[in-house]
Amino acid sequence: MGRVDRRKSVQDAKTLITGAASGIGRATALASAARGAQLVLTDIDADGLADTVAEIERAGGTVLIAEAFDISNHDAVAGFAATVHERFGSLDVVMNVAGTSVWGTVDSLEIQHWRRMIDINLLGPINVIERFVPPMVRAGQGGALVNVSSAAGLLALPWHAAYSASKYGLRGLSEVLRFELAEHGISVHVVTPGAVATPLVRSFDLVGVDKEHPRVQRVTSLFTRHAVAPEKVAEVILKGIERNRFLVYSSFDIRFGYWWKRKFALPYELLMRQANLQFSTLKQSVNRDRPAGNTTSPDSPAPR
């Protein structure tokens, strides 16, 4: 079989986008529709998904099918894939955007936090890839696979162990598939946003620390104040496909941080050690301020 040319845009492409009810997923669905994509959309939020579909159709875009379900449920993904392939055949572009976030130190995180990160952020995309990418390979018409990882999939950020476990995993999976799928004309793109102005940037779970404490608010505001608009991330995703970029950055600071990590390993290590010491001191200070008898943070699981 001869080499298949890669797809260079979403125009006229049957395009799956997960997490399409809000944030990056919604913005990417709208931007893709404006470029002429034929959309296959999903999200766990049925009402938000319906709103996205309605907005796309009001603007003259095309939604082939939209269904609400949890991508961490393999049977649900398999059932949806069967319906999509029966009605529309293999897809051209698959975008894994859906995700969630939990922060916390290893002494606070419990198995349900680790499992939630892996199930939604890593196994969810794997479920989608397993059901949608092989038919793309068999169709022999090329395509694109987009996986939204995170800056926490590039850098060892404090309090991000569980989140990074899922996002580093997704980046590693993508790197392998980048080379494996190249011969089939399927390009692979890993999106590594930092803070994005979506509900997730403020609604993330912080385990073991009172997220509403003023000192914690000051630290997290440093993160949220640099949040970029989801529409900007959507644009860089689509440009990443057009320009065949493997790593797709949402902002210069993430690109620079990853370059700096690779070029200056020792200073990076010293910086991360210092950052973790500062975050540890913050946690101890905040927990000392906790009222007597209150041993569980608002986001921690109830005592058993």
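Residues numbered from 1 in each chain as written. Predicted model: local features only at pLDDT ≥ 70, side-chain atom pairs only at ≥ 80, totals over all residues. Heavy atoms only, no water.

Student: Explain the nonpolar core to me, please; I cannot follow it from the model alone.
Tutor: Across soluble globular proteins, nonpolar side chains have a tendency to be buried as a group. Formed by 33 residues in total, the largest nonpolar core has its most connected members in I17, L39, L41, M95, V233 and I237. Listing elements by their share of this core, those giving two or more residues are α1 (23–34), β2 (38–43), α2 (46–58), β4 (93–96), β6 (143–148) and α8 (230–242). Looking at this core element by element, the count peaks at 6 residues for α8. Once you skip the residues sitting within four places of it in the chain, L41 turns out to touch I17, A20, A29, L49, T52, V53, I56, V63, I65, A66, E67 and F80. (Core = buried A, V, L, I, M, F, W, Y, C linked by side-chain atoms within 4.5 Å. Buried < 20%, exposed > 50% of the residue type's maximum accessible area, 1.4 Å probe, protein only. Helix = DSSP H or I, 4+ residues; strand = E, 2+ residues; numbered from the N terminus. Contact = heavy atoms within 4.5 Å.)

Student: Honestly, α1 in this entry has me stumped. Any pointers?
Tutor: Working note: α-helix, 3.6 residues per turn, so residues spaced by three or four point in the same direction. If you check α1, its first and last C-alpha atoms are 17 Å apart, about what 12 residues at 1.5 Å a residue would give, namely 16 Å. Counting buried positions along α1 gives 9 out of 12 residues, so the element sits mostly inside the fold. Every buried residue of α1 is accounted for by G23, I24, G25, A27, T28, A29, A31, S32 and A33. Contacts made by the buried residues of α1 are with β1 (14–18), β2, α2, β4 and α8. Of the residues one or two after α1, G36 is the one with positive phi, at around 95°. (Expected span 1.5 Å × (residues − 1).)

Student: Help me out: how do you make sense of the side chain of S174 in this one?
Tutor: As for its placement among the helices and strands, S174 is situated in helix α5 (residues 161–180). What makes S174 buried here is its relative accessible area of 0%. A polar side-chain atom of S174 sits 2.7 Å from the main-chain carbonyl oxygen of L170. Residue contacts for S174: discarding those within four places in its chain leaves N147, V188, V190 and F246. (Polar contact = N/O pair within 3.5 Å; in protein donor to acceptor, adjacent residues only side chain to side chain.)

Student: Help me understand the pattern of salt bridges in this model?
Tutor: When the charged atoms of two side chains lie near each other, side chains of opposite charge can form a pair. One pass over the structure, following the stated rule, counts 5 salt bridges. We note a salt bridge from R35 to E235, for which the minimum N-O separation is 2.9 Å. Placement of R35 in the loop between α1 and β2 and of E235 in helix α8 is noted, with a sequence separation of 200 residues between them. Ionic pairing is found between E269 and R273, a salt bridge with its closest N-O pair at 3.0 Å. With E269 and R273 both in helix α10 (residues 265–288), this residue pair falls 4 residues apart, about one helical turn. Its relative accessible area of 38% is what places E269 among the partly exposed residues. Each of R35, E235 and E242 takes part in a single network of salt bridges with overlapping partners. (Salt bridge = Lys/Arg side-chain N within 4 Å of Asp/Glu carboxyl O.)

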